[in-house]
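# Architecture and fold: a report
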Amino acid sequence: MPIRLAILLSGSGTTLQNLIDHINDGKLDATISIVISSKPNAYGLIRAQQNKIPTAIVSPKNYPDFKTFNEALWKTIRQYPVDLVVLAGFLSLIEVPPDFTNRIMNIHPALIPAFCGKGMYGHHVHEAVIKSGVKITGCTVHFVDEQYDHGPIILQEAVPVFEDDTPETLAERVQAKEREIYPKAIQLFAEGRLKVEGNKVKILPAVRKETF
Ligand code: GAR
């Protein structure tokens, strides 16, 4: 049985598109039950509609505080069958209800715990990386807890930072790796191969299918 995803985004939705492409190519054993945007004009909503995926908008601007925004968000998510919530450039903090502990994933365009936290998203991350002078950056897929870009790390990939990099050239290199590791992490979840022990995630070996 494919796992059922809720995808939360706020922007252009290239991460969503990559997951749709992996599903359509038979490389990711999942279906997308709902795409929720925190911004009414996010292009990711159009990508979802083009693929006949149900969409919803839950914007923090329409709620007086974090708590009521999150209540509305979870009320929307729970209207659909969802095994895993996937953050795909979602710019709001999300509450983690007990039954969704280790069932929410995020991708961050740096090697956390470096270059992450509130305000550190998209190009801001790559600008900070270049400014700092580090020689290596990368991307991280992790389970989500109640802090920005925080929680048990599932997969990380390193990417070199070159002397003549701009935030755009660096973003391109990091995003190429993002397109590899996010579907890979979700597929590991779908295969039941992610075991969380404290803040560590163990990747269990694949179960061999016996043929008689
Ligand atoms: C992705 O690069 C993702 O890593 C980043 O937002 C981008 C979303 O792009 N996420 C964060 O920075 C999380 N802190 P998209 O809207 O084109 O999918």
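As a reminder, the structure under discussion sits directly above these lines.
Before going into details, it helps to say that this report is about the structure given with it. (Residues numbered from 1 in each chain as written. Predicted model: local features only at pLDDT ≥ 70, side-chain atom pairs only at ≥ 80, totals over all residues. Heavy atoms only, no water.)

### Brief notes about the site of the ligand
As a structural note, the neighbourhood of the ligand is formed by 14 residues, with Ser12, Thr14, Thr15, Asp149 and Glu178 the closest of them. Contact distances for the ligand include 2.5 Å between an oxygen atom and a side-chain N or O atom of Thr14. Glu178 has a polar side-chain atom sitting 2.8 Å from an oxygen atom of the ligand. Protein chains shield 89% of the accessible area of the ligand, which is 450 Å² for the free molecule. At the level of elements, α1 (14-24) and β5 (104-108) are the ones that each hand at least two residues to the shell around the ligand. Along the lines of polarity and charge, the residues of the shell around the ligand split into four nonpolar, eight polar and two charged. (Near = heavy atom within 4 Å. Polar contact = N/O pair within 3.5 Å; in protein donor to acceptor, adjacent residues only side chain to side chain. Areas by Shrake-Rupley, 256 points an atom, 1.4 Å probe, with all protein chains shown as cover. Helix = DSSP H or I, 4+ residues; strand = E, 2+ residues; numbered from the N terminus. Nonpolar A, V, L, I, M, F, W, Y, C, P; charged D, E, K, R; others polar.)

### Describing the pairing of strand β9 (residues 200-203)
Relative to β9, strand β8 (residues 194-197) runs antiparallel, the two being bridged by four bridges. In the sheet register, Lys195 faces β9, and the bridge partner there is Lys202. Here β8 folds back onto β9 in antiparallel fashion, the turn holding two residues, of which Gly198 has a positive phi close to 65°. (Pairing = 2+ DSSP bridges.)

### Overview of the pattern of salt bridges
Under the definition given, this model contains eight salt bridges. Ionic pairing is found between Lys195 and Glu197, a salt bridge with its closest N-O pair at 3.1 Å. Note that Glu197 is salt-bridged to Lys202, the shortest N-O span being 3.1 Å. Relative accessible area serves as the criterion here: at 44%, Lys202 is assigned to the partly exposed category. (Salt bridge = Lys/Arg side-chain N within 4 Å of Asp/Glu carboxyl O. Buried < 20%, exposed > 50% of the residue type's maximum accessible area, 1.4 Å probe, protein only.)

### Quick word on the packing of aromatic side chains
In total, this model carries three aromatic pairs according to the counting rule given. Note on Tyr63 and Phe69: the rings are 6.3 Å apart at their centroids and 50° apart in plane angle, and the pair reads as tilted. Overall, the relative accessible area of 2% leaves Phe69 in the buried class. Measuring from ring centre to ring centre gives 4.8 Å for Trp74 and Phe100, while their planes differ by 50°; the resulting arrangement is tilted. (Phe/Tyr/Trp six-rings, centres within 6.5 Å; stacked < 30°, edge-to-face > 60°.)

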